[in-house]
Amino acid sequence: SSDLLAKEGELYEGYDEQYECPILDEDRVIDELEDQMCEGGMIIDYHGCDFFPERWFQIVFVLRTDNTLLYDRLEGRGYKGKKLEENIQCEIFQTIYEEALESYKKEIVYQLPSNTPEDLERNVEQITLWTQQWIKDNN
């Protein structure tokens, strides 16, 4: 997870008081990941994508969640106010999906539902199958 990498490496450039979270230093994250990503076989998990180089990815999965479920999840994580509202708006307006379509070739961007534990299992299975096929085709 990019969040975990950033936390462990202290890859932040400050703290956002309004959103009550650290501000990611995107350039330092890219520098930190560059060698690993060039080796291949890596999966990046993050809530945005527009700053990651296109050359790093053969496929991009955007997880989508029903707004009502997402609201409850985020509220359960302690999100409130503007942070909660903007996260819900991002889902309503497909912001991350649109970012992915603008940042990468459209034919490698896929949406996956992420509403239930069953969705999670199907997504893991689908991503695993895709990865296995990619390895077979490219080795």
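Scoring rules and cut-offs
- Residues numbered from 1 in each chain as written.
- Predicted model: local features only at pLDDT ≥ 70, side-chain atom pairs only at ≥ 80, totals over all residues.
- Heavy atoms only, no water.
- Helix = DSSP H or I, 4+ residues; strand = E, 2+ residues; numbered from the N terminus.
- Buried < 20%, exposed > 50% of the residue type's maximum accessible area, 1.4 Å probe, protein only.
- Contact = heavy atoms within 4.5 Å.
- Areas by Shrake-Rupley, 256 points an atom, 1.4 Å probe, with all protein chains shown as cover.
- Lys, Arg positive; Asp, Glu negative; His and termini not counted.
- Charge placed at Lys NZ, Arg CZ, Asp CG, Glu CD.
- Axes fitted to C-alpha atoms, helices over the stretch in contact; angles between N-to-C directions.
- Parallel < 35°, antiparallel > 145°, perpendicular 65-115°, else oblique.
- Left-handed = near helix turned anticlockwise from the far one by under 90°.
- Nonpolar A, V, L, I, M, F, W, Y, C, P; charged D, E, K, R; others polar.
- pLDDT = per-residue confidence, 0-100.
- Core = buried A, V, L, I, M, F, W, Y, C linked by side-chain atoms within 4.5 Å.
- Phe/Tyr/Trp six-rings, centres within 6.5 Å; stacked < 30°, edge-to-face > 60°.
- Lys NZ or Arg CZ within 6 Å of the ring centre and 35° of its normal.

Draft legend 1. Examining the overall build of the protein more closely. Along its length, the protein carries six helices and four strands. From first element to last, N terminus to C terminus, the protein shows the α and β order α-β-β-α-β-α-α-α-β-α. Projecting the C-alpha coordinates of the protein onto the three principal axes gives extents of approximately 50 × 35 × 25 Å. The burial tally for the protein puts 29% of its 139 residues in the buried class. Contacts spanning at least 24 positions in sequence make up 54% of the contacts within the protein whose residues lie at least 6 apart. Summed over all atoms, the accessible surface of the protein reaches about 9,700 Å², with 48% contributed by carbon and sulfur. With 13 positive and 33 negative side-chain charges, the protein shows a spacing of 3 Å between the two charge centroids.

Draft legend 2. Expanded view of the side chain of Glu91. By the element assignment, Glu91 lies in helix α4 (residues 81-92). The buried category is assigned to Glu91, whose relative accessible area is 13%. If we skip the residues at most four places from it in the chain, Glu91 touches Leu63, Arg64, Thr65, Asn67 and Leu70.

Draft legend 3. Just the packing of helix α3 (residues 67-76) against α4, in detail. It is the contact of α3 with α4, at a shortest axis distance of 10 Å, that shows an interaxial angle of 150°. Put simply, α3 runs roughly antiparallel to α4. In this structure, the crossing between α3 and α4 has a hand that is right-handed. On α4, the residues that touch Asn67, Leu70, Tyr71, Leu74 and Glu75 of α3 are Leu84, Asn87, Ile88, Glu91 and Ile92. Class assignment of the residues belonging to the contact of α3 with α4 gives a composition of six nonpolar, two polar and two charged.

Draft legend 4. Fine view of the confidence of the model for the protein. Chain-level statistics for the protein give a pLDDT mean of 92 and a share of 99% at 70 or above. Looking at the elements of the protein, mean pLDDT is at its lowest for helix α1 (residues 2-9), recorded as 79, and at its highest for strand β4 (residues 109-113), recorded as 97.

Draft legend 5. Structural view of the nonpolar core. Within the largest apolar cluster, 21 residues are counted, with the highest numbers of intra-cluster contacts made by Val29, Phe52, Val60, Tyr104 and Val109. When contributions to this core are tallied by element, the ones reaching two or more residues are α1, α2 (26-39), β3 (60-64) and α5 (95-103). Here the element with the most residues in this core is α2; it accounts for four residues. Not counting residues within four places of it along the chain, the set of residues in contact with Val109 comprises Val60, Val62, Tyr97, Ala100, Leu101 and Tyr104.

Draft legend 6. Looking closely at the packing of aromatic side chains. Throughout the structure, instances matching the rule amount to nine aromatic pairs. With centroids separated by 6.5 Å and ring planes inclined at 25°, the aromatic side chains of Trp130 and Trp134 adopt a geometry described as stacked. Within this pair, Trp130 and its partner Trp134 are both found in helix α6 (residues 117-138), separated by four residues, close to a single helical turn. Taken together, the ring pairs connect Tyr46, Phe51, Phe52, Trp56, Phe57 and Tyr104 into an aromatic cluster. Over the ring of Tyr79 we find Lys83; its NZ or CZ atom is 4.4 Å from the centre of that ring.

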